[in-house]
Amino acid sequence: MTISLEPGSPSHRLYLSQLAVYLRHSRQILAAWDRYSDRHSDPETFQPHDEDAYGRRQQKRDADTLSAFGRVYYHADELVDVAQRQLALLSPSDRTRRYAWQVRELRDATQRLYAVHDEWSAVRAALPASARPGTKAYEEPLAECYAEAWSYLDQWAIHGQALFAVNALAQRHSPASARTLSTAAPVHTATATPSMGRR
């Protein structure tokens with residue numbers, strides 16, 4: 001697709017705010033899952049006490065995480081593209097190299113999420129007419145799709161914060177910021193650090 005998102009634009013800020021909501025929700029979902037898993041698994045073998053109930057709860061985690069990613073999904077590739085363009089304008093350092101690695105992880109996770117969506121679309125199109133939402137024939141392949149997507153959504157939960165860090169660095173080093181700083185009176189203040197979706 002053609003990427004037209006401009007760094008620092010109102011759309012860019014909106015997409016980052018949607019990502020912030022996802023990061024918060026995904027942490028809550030994962031914390032709830034960890035509590036459930038700890039209570040319903042053997043502490044020595046880590047095997048669930050009830051595999052069926054455990055599996056259903058895991059499916060809920062996967063579905064909830066994908067739902068939380070919702071709006072981010074539509075613009076994930078654009079957010080990654082902006083971060084890569086911003087990194088290209090920054091001086092190389094250990095920090096920017098670490099961010100570049102994280103952004104590449106997000107790029108890979110995004111492409112895999114889009115592939116999972118395409119796979120589900122093909123599977124759904126091949127289902128018999130009787131396989132409707134709520135039926136086993138529909139829900140089982142959908143749960144498999146959610147399970148496959150979850151690890152890529154988790155990559156966004158792990159590395160998504162890097163996009164905010166890259167954006168903050170880029171804003172500090174932009175020519176506009178430099179002009180503003182050069183004309184401002186010097187002050188000494190503390191710097192604050194700043195459903196299966198369809199494309």
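Preceding this paragraph is the structure being described.
Residues numbered from 1 in each chain as written. Predicted model: local features only at pLDDT ≥ 70, side-chain atom pairs only at ≥ 80, totals over all residues. Heavy atoms only, no water.

A. Structural view of the pattern of salt bridges. One pass over the structure, following the stated rule, counts 6 salt bridges. We note a salt bridge from R97 to D94, for which the minimum N-O separation is 3.0 Å. Remark: D94 and R97 occur in helix α3 (residues 94–126); sequence separation between them is 3 residues, near one turn of the helix. By relative accessible area, D94 is classed as exposed at 61%. (Salt bridge = Lys/Arg side-chain N within 4 Å of Asp/Glu carboxyl O. Helix = DSSP H or I, 4+ residues; strand = E, 2+ residues; numbered from the N terminus. Buried < 20%, exposed > 50% of the residue type's maximum accessible area, 1.4 Å probe, protein only.)

B. Highlighting the packing of helix α2 (residues 51–88) against helix α5 (residues 161–172). Where α2 contacts α5, the two axes come as close as 9 Å, and the packing angle between them is 40°. By the criterion of interaxial angle, the relationship of α2 to α5 is oblique. For the pair α2 and α5, the sense of crossing is left-handed. Mapping the contact onto sequence places L79, A83, Q86 and L87 in α2 and L163, V166, N167 and A170 in α5. In terms of residue class, the contact of α2 with α5 is made up of 6 nonpolar, 2 polar and no charged. (Axes fitted to C-alpha atoms, helices over the stretch in contact; angles between N-to-C directions. Parallel < 35°, antiparallel > 145°, perpendicular 65-115°, else oblique. Left-handed = near helix turned anticlockwise from the far one by under 90°. Contact = heavy atoms within 4.5 Å. Nonpolar A, V, L, I, M, F, W, Y, C, P; charged D, E, K, R; others polar.)

C. Structural detail: α5. Along its 12 residues, α5 runs 17 Å from first to last C-alpha, staying within 8% of the 16 Å computed at 1.5 Å per residue. Residues A162, L163, V166, N167, A168, L169 and A170 constitute the buried set of α5. The inward-facing, buried residues of α5 abut α1 (10–39), α2, α3 and α4 (136–159). (Expected span 1.5 Å × (residues − 1).)

D. Quick peek at the side chain of H159. Positionally, H159 belongs in helix α4. Take H159: its relative accessible area is 7%, and that puts it in the buried class. In this structure, H159 is in contact with W101, Q102, E105 and L106, ignoring residues within four places of it in sequence.

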